[in-house]
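Below, each chain spelled out in residue letters.
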Amino acid sequence: MDENAVAKTLGRMNDGLASFFWDALTAVSVNGVSGDYVEFGSWGCNTLRHAYETCRAFRAERHLWAFDSFQALPPSDEPRDQHPGLGSALGQGGVEAFHASCAGFGVPRDAYTAVEGYYADTLPPLGSEGEPRDIAIAYIDCNLYSSTVTVLEFLAPRLKPGMIVGFDDYFLWSPDTGVSGEHAALSEFLDAHPEWHFHRFKDIHWGGVAFVVERAESGVPHRPL
Ligand SMILES: C[S@@+](CC[C@H](N)C(=O)[O-])C[C@H]1O[C@@H](n2cnc3c(N)ncnc32)[C@H](O)[C@@H]1O
């Protein structure tokens, strides 16, 4: 892509993120949905700082959680993880570089907890009761099908009506495999968990979509994702 087009796209994505976080925080506040903000894929702190700035504007007391290896995407042979746009540099630098990025954005150290490591190592040990237990907004920005599968398994016992789940890479579509990894992971998850509906809430930007969690027993028919 032409560099001016890249800059314009990044600007449009940031506008979309700002609008998403504002509307998501409005929705959980108006609807009385308790809980923290939890993010899967945090590296450069751009999404976390949007979450922080919006919480601050709302004077919302919601702790922020950042789950990331801070060491790049995990190696994977899974065909649904393959994508021409994903480089191994994503996420490198370690957790100290992340803290430095957060400080650069003005996100104070006590506003967030960074959980360092691959999800396969950090999430299953938390089980269904480990912190964070009460979640209002989850943001999944981990690019890969396999990572999203692990994240959704972690979220399953924490889902509740009115909670918002955003997928940053929903339309990160591979022409080689014909698969959008995050979309595929969500579709399989909902097949395995018919007790939950994900009701479309907002498009975040060109690649991202957010959903509101509903109980299937509410009787409202589920729409295609
Ligand atoms: C696009 S980057 C996140 C960007 C971030 N939201 C921001 O605003 O700067 C994707 C991140 O997901 C992380 N990630 C993907 N799969 C992971 C896994 N299985 N375990 C830990 N981190 C993972 C990578 O380390 C990388 O930092």
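See the structure above.
What counts as what
- Residues numbered from 1 in each chain as written.
- Predicted model: local features only at pLDDT ≥ 70, side-chain atom pairs only at ≥ 80, totals over all residues.
- Buried ≥ 20, exposed ≤ 12 C-beta atoms within 10 Å, placed from the backbone.
- Helix = DSSP H or I, 4+ residues; strand = E, 2+ residues; numbered from the N terminus.
- Pairing = 2+ DSSP bridges.
- Right-handed = clockwise from strand over helix to strand, strands pointing away.
- Axes fitted to C-alpha atoms, helices over the stretch in contact; angles between N-to-C directions.
- Contact = placed C-beta atoms within 7 Å.

## Concerning the pairing of strand 4 (residues 135–140)
Part 1: Among the six residues that make up strand 4, six are buried, leaving the element largely enclosed by the rest of the structure.
Part 2: Pairing of strand 1 (residues 36–40) with strand 4, which is carried by five bridges, proceeds in the parallel orientation. Residue pairing across strands places Val38 opposite Ala138, the latter belonging to strand 4.
Part 3: Pairing between strand 4 and strand 5 (residues 164–167): four bridges, direction parallel. Along strand 5, the bridge assignment pairs Ala138 with Val165.
Part 4: One crossover worth recording links strand 4 to the parallel strand 5 by way of helix 5 (residues 145–155), and it is right-handed.

## As for the sheet that holds strand 1
Part 1: On the basis of which strands lie adjacent, the open sheet formed by seven strands has the order 3-2-1-4-5-9-8 and mixed pairing. The open sheet has two edge strands with one neighbour each: strand 3 (112–116) and strand 8 (196–205). Strand-to-strand twist across the sheet, computed as the mean angle between neighbouring axes with direction ignored, equals 20 degrees.

## Looking at the pairing of strand 1
Part 1: Within strand 1, five of the five residues are buried, leaving the element largely enclosed by the surrounding structure.
Part 2: Because side chains alternate across strand 1, one face comprises the buried residues Asp36, Val38 and Phe40, and the other comprises Tyr37 and Glu39, equally buried.
Part 3: Across four bridges, the pairing between strand 1 and strand 2 (residues 64–68) is parallel. Looking at strand 2, one finds that Glu39 is bridged to Ala66.
Part 4: Each parallel crossover has a hand, and for strand 1 linked through helix 2 (residues 46–58) to strand 2 it is right-handed.

## Topic: the environment of His50
Part 1: Positionally, His50 belongs in helix 2.
Part 2: Overall, His50 belongs to the buried group, with 20 C-beta atoms counted inside 10 Å.
Part 3: In sequence terms His50 and Glu131 are 81 residues apart; their C-alpha atoms lie 22 Å from each other.
Part 4: Apart from the residues within four sequence positions on either side, His50 is in contact with Leu17, Ala18 and Phe21.

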